[in-house]
Each structure stands twice: as C-alpha cells, then as structure tokens.
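# Structural features, examined
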Amino acid sequence: MDLSSPGTVRAIREKYGLQPSKGLGQNFITDRNVLERIVGGAGIDSEDMVIEIGPGIGVLTAELAEHAACVTAVEIDGRLMPVLEETLAEYDNVRVLNADILQVDIGQIINESKAEGQFTGKVHIVGNLPYYITTPIIMKLLEEQVPADSITVMMQKEVADRISSAPGSRIYGAISVAVQYYCSVTKITDVPKEAFVPRPKVASTVLRLQPLGEKQVPVKDEKMLLRCVKAGFAQRRKTLLNSLSSAGGTDKDTVRRILEAADIDPGRRAETLTIEEFGRIADKFSDEHNQRNS
Ligand code: SAM
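Summarised in this report is the structure supplied together with it.

Analysis parameters
Residues numbered from 1 in each chain as written. Predicted model: local features only at pLDDT ≥ 70, side-chain atom pairs only at ≥ 80, totals over all residues. Heavy atoms only, no water. Salt bridge = Lys/Arg side-chain N within 4 Å of Asp/Glu carboxyl O. Helix = DSSP H or I, 4+ residues; strand = E, 2+ residues; numbered from the N terminus. Buried < 20%, exposed > 50% of the residue type's maximum accessible area, 1.4 Å probe, protein only.

## Let's talk about the pattern of salt bridges
- Applying the stated criterion across every chain, the model contains 15 salt bridges.
- Measuring nitrogen to oxygen at the nearest pair gives 3.2 Å for the salt bridge that ties Glu63 to Arg32. Of this pair, Glu63 sits in helix H3 (residues 59–67) while Arg32 sits in helix H2 (residues 32–42), and the two are 31 residues apart along the sequence.
- When its relative accessible area of 11% is taken as the criterion, Glu63 is described as buried.
- Here Lys220 makes a salt bridge to Asp287, at a shortest N to O gap of 2.7 Å. Separated by 67 residues along the polypeptide, Lys220 in the loop between strand S9 (204–211) and helix H9 (222–234) and Asp287 in helix H12 (residues 275–292) bring together distant segments of the chain.
- For Asp287, a relative accessible area of 27% gives the class partly exposed.

## So, unusual backbone geometry
- With an omega dihedral of -15°, the bond running from Val197 to Pro198 counts as a cis peptide bond.
- The residue Pro198 is located in the loop between strand S8 (196–197) and S9 in this model.
- Phi angles above zero are rare outside glycine, and Gln145 is one such case at about 45°.
- Of note, Asp263 is a non-glycine position whose phi angle comes to about 65°, a positive value.
- With respect to the helices and strands, Asp263 occurs in the loop between helix H11 (252–261) and H12.
- In this structure Asp263 comes out as exposed when scored by relative accessible area, which is 63%.

Here it is, written out as structure tokens:
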C-alpha cells in the first residue's frame, strides 16, 4: 500500500469514515520526497530507535520502520488506532501508543525499549508536528533533556524561522534562545502546502535539532536561564528592567542591581541579548537566590 498517495488517504478516509481533525492539526504527508528528506535528515541507522510524534495514518511511520530497529509512535487520536493497525500491519518493529505526547515519559519509553533489547544504537525523535502545540512539544523535549541523539521535526515555516533566528532580529524570541542553548539547528528542507492532504494554511519547514554534547554557554542553573528568557520575552517591547521585574516577580531595584552586576544595560530589550548574555543574567539571579536562601 502506498500510504503517501492522495488516493490511499482518500480511501482510508472513506473506509473509516474519518474526517481529519483541524483541532488536532491533522495534515497528512502525500509527497514521497518529503518523507525521504525527513528520514535522510534524521540520519537513522538500522540499529537505532525512533520515537515518532503524531503518526496520523502511518505514512511517515512506515518509512521510519523501514530504516530503524524499532519505532514507538505516540498518537493522541483514538480513531486512528484501527487505521494504524491496518497500515502498519507488515511491520513487527512498530509500537503505537494512544497517548498525548505532552503527557508521556519519553525517557521511560527509551529505557524500556533499550532494556527489552529492541535497539542498540542511537535514539531519534521524528515527527510532522501537530502545529497547534509545536512550541510546547519542543520545550518539553528540551526541558526534560530527553536522551535523544537528534530531533528532526516538521513545523510551520514561521516557527522554524524564529527558532533559527539571531539576536537583533524581529522574530528572535524565547524559543530561539531555548533551542539554540540546547541544540545546533540545521534546516533540512522547506515543504510547500501542496505536500499535504488536507492542505494546511501555512508553509512548513523540517529542522534537525542536534543536542549539544557540551553546552557552549554553561550556566549554574538551566531552569533559572529558561525562567529569565521567558520573563524577558513575556513583553518584548518592554526593557529588561521592566520585563524581568513584572514577569519574573523580582523587585525593580534588585533586578537593576543584578543586570548591572551582569554588565547588561537595564534599558536593553530581550530581543537584543545573546545566549551568553542571558547566561550571565541567569547566573547572577542564581547567586541572588542562593544568597537569600543561605
Ligand atoms: N505523521 C503524519 C503525517 O505526517 O502524515 C501525521 C502528522 S499530523 C500534522 C499531526 C499528528 O499528530 C496527527 O495525527 C494528530 O492527531 C497528532 N497529534 C495531535 N496532538 C497530539 C498530541 N498531543 N500527542 C500526540 N499526537 C498528537
């Protein structure tokens, strides 16, 4: 069965009476080139494990199963379980979990598969993401420091551009800093709307995020860094002095003292700061926090 053919998608929709859910971001890939680019971009080897986010009707899952030792696919929509049972019937290396990716313990899934001897190589996270939760999914993978060797995901082009952007850019934001702190970012390909059924409203991009073995900007407390970044960008038009005090919940005099100790002008805006500068601010906040609690 060629799952990437629009005719197959139509046939599955008819057979199962399946109306793709807009709310769950269901746009299925119908372009074989795109599948090949995602799998090639992820660099999957026959010894490796893949965790797929949102298999849909299984078009990418089947391709992943051809290349990897094992695939665990996490799909929230229970209506797709019988569909996936049919479309993936020929693969004995695929496990489908009917669950919300934001709720599952990915580290535990990896450990269990390893303990069961399902794979001996690397771990890759792959997915054509449900766009309504692109940022929460990426933040979960980063904050939980999921032990993956690569994260290759398709998302709205606009979000991919934001993730890849540099300080000073209009689109540089909290997600840019968070991703670039944890990972190197490589663009695999842009994907036009025509590559999906049903067609999404926006163009897409596949990015490969490669977790950094050694951080370029080591900080004392990564949670503190993320708190500073989120607070800094919470109201991006405000100065750091104002955003860090209102969103961060620290009084203005203390924030001013911390910024000056970090050698950062309190009148600057978050969008102008490099990761290294955010790291300096976070470390001074950590010092302040530790002093108060000692
Ligand atoms: N992988 C398929 C493809 O490329 O054709 C489908 C991709 S579609 C853009 C996103 C998929 O993620 C849908 O199947 C949707 O039901 C699923 N999904 C949405 N929210 C989810 C969640 N919180 N956890 C797991 N899967 C989710």
